[in-house]
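Understanding the architecture of this molecule
For reference, the chains in residue letters:
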Amino acid sequence: TLLITAAAAVISVPIGLFTAIYLIEYGEDGRLASSIRFLVDVMTGIPSIVAGLFAYALFVIFFGEGVRMGIGGSVALSVLMIPVVVRSCEEMLKLVPNELREASYALGVPKWRTISKVVLPTALAGIVTGITLAIARVIGETAPLLIIAGMTDSVNFNLFDGRMATLPVFTYSSLMQPGVPPEPSIERAWGAALVLLIIVMVLNLIARLVSYYFSPKGER
C-alpha cells in the first residue's frame, strides 16, 4: 500500500503542482487555462473504477492481456490524485498576495525565480497539506487496485513485476472469500482496515504539523 501510494504521489505531485502554477501564474483567464480547469473538474468526478480501467487499458497496450502490476495501480491512483492536487495547490497559490510578486519584480527578479523563491515558499504549508490530504483520499481506494494491481498471498516489493497486495484489496478479499472457518479471515479484514485508518490518521497529523511549522508566525 505504501509503495503504490508513494509511486502515485511521485507521478501526481509534479503534474498537479506545475499545472496549478501555470493556471495561476501564466494562464490567468486564457482559453487553454479555461480548458484545463474544465478537464480538472471532469476528472474530479471520475469514478475510481474508471481510473482502474484506464490504467488497465493503458498497460494492456504495452504488456498484453491479463497484466497485473503495482505501478499500474499507482497510475490509476494518480488519475484520482491529480485533480485534487491541482485544486488544492491552485487555491493556495491564489492566497499569496500580489504585493509579494510585485515587490520581487520591482527588484528585477525573473518570474520563474519569483515563483520558486517567493510564491511557493509562501504557500508551502497549504500546498503540503493539500497534497497529504490527496494521498489520504486515494490510499483507501479498492476498485482500481483490484483491476490492475490484483491480489496475491505472497510479498512483492517490485512495482514493475507481478501482482501486489494492498490493504484495501486484502480487506475486500478477506470479507468476500473468508474460507472455512470464516472468523480468522474476518478478523484479518478488520485488522487491515484498522491499519489503513491509522495510516490515514498519521498522514492527517503530518499535514497539520507541516501546516503549523511552515505557516507564517503570526498565523500559528
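Described below are features of the structure shown in this document. This is a predicted model, so every value here is computed, not measured. (Residues numbered from 1 in each chain as written. Predicted model: local features only at pLDDT ≥ 70, side-chain atom pairs only at ≥ 80, totals over all residues. Heavy atoms only, no water.)

**Some details on the nonpolar core**
Counting 48 residues, the largest nonpolar core has I4, F59, V67, M81, L93 and I127 as the members making the most contacts within it. Elements with a contribution of two residues or more to this core: α1 (2-27), α3 (48-63), α4 (70-94), α6 (111-138), α7 (143-148), α8 (167-176) and α9 (183-214). A33, V40, I82 and V86 belong to the second largest nonpolar core, which has six residues in total. (Core = buried A, V, L, I, M, F, W, Y, C linked by side-chain atoms within 4.5 Å. Buried < 20%, exposed > 50% of the residue type's maximum accessible area, 1.4 Å probe, protein only. Helix = DSSP H or I, 4+ residues; strand = E, 2+ residues; numbered from the N terminus.)

**A few points about the environment of S12**
Summarising the element assignment, S12 is placed in helix α1. Owing to a relative accessible area of 0%, S12 belongs among the buried residues under this scheme. For the pair S12 and A165, spaced 153 residues apart in the sequence, the C-alpha separation amounts to 21 Å. Beyond its immediate sequence surroundings of up to four residues, S12 is in contact with S78, M81, I82 and V85. (Contact = heavy atoms within 4.5 Å.)

**Details of the packing of α8 against α9**
Orientation of α8 relative to α9, taken along the N-to-C sense of each, is 160°, at an axis distance of 8 Å. Our classification of the angle between α8 and α9 gives roughly antiparallel. Read as a crossing pair, α8 and α9 show a hand that is left-handed. Contact with α8, carried on its side by L167, P168, F170, T171, S174 and L175, involves S185, I186, R188, A189, A192, A193, V195, L196 and I199 of α9 and no other residues of that element. (Axes fitted to C-alpha atoms, helices over the stretch in contact; angles between N-to-C directions. Parallel < 35°, antiparallel > 145°, perpendicular 65-115°, else oblique. Left-handed = near helix turned anticlockwise from the far one by under 90°.)

**Details of a nonpolar patch on the surface**
A surface patch of nonpolar side chains, about 610 Å² in accessible area, is lined by L124, L205, L209, Y212, Y213 and F214. No other element matches the five residues that α9 contributes to the nonpolar patch. Here F214 is to be found in helix α9. (Patch = residues over 30% accessible without salt bridge, like charges linked within 9 Å, V, L, I, M, F, W, Y side chains within 5 Å. Areas by Shrake-Rupley, 256 points an atom, 1.4 Å probe, with all protein chains shown as cover. Salt bridge = Lys/Arg side-chain N within 4 Å of Asp/Glu carboxyl O.)

**Topic: α8**
Among the residues making up α8, those that are buried are L167, P168, V169, T171, S173 and S174. Looking at the buried positions of α8, the neighbouring elements they touch are α7 and α9.

**Some points on the packing of aromatic side chains**
Across all of its chains, the model carries one aromatic pair by this definition. On the basis of an interplanar angle of 15° and a centroid distance of 5.9 Å, the ring pair of F59 and F63 is categorised as stacked. Of this pair, F59 and F63 are both found in helix α3, four residues apart, which corresponds to roughly one turn of the helix. F59 gets classed as buried once you look at its relative accessible area, which sits at 10%. (Phe/Tyr/Trp six-rings, centres within 6.5 Å; stacked < 30°, edge-to-face > 60°.)

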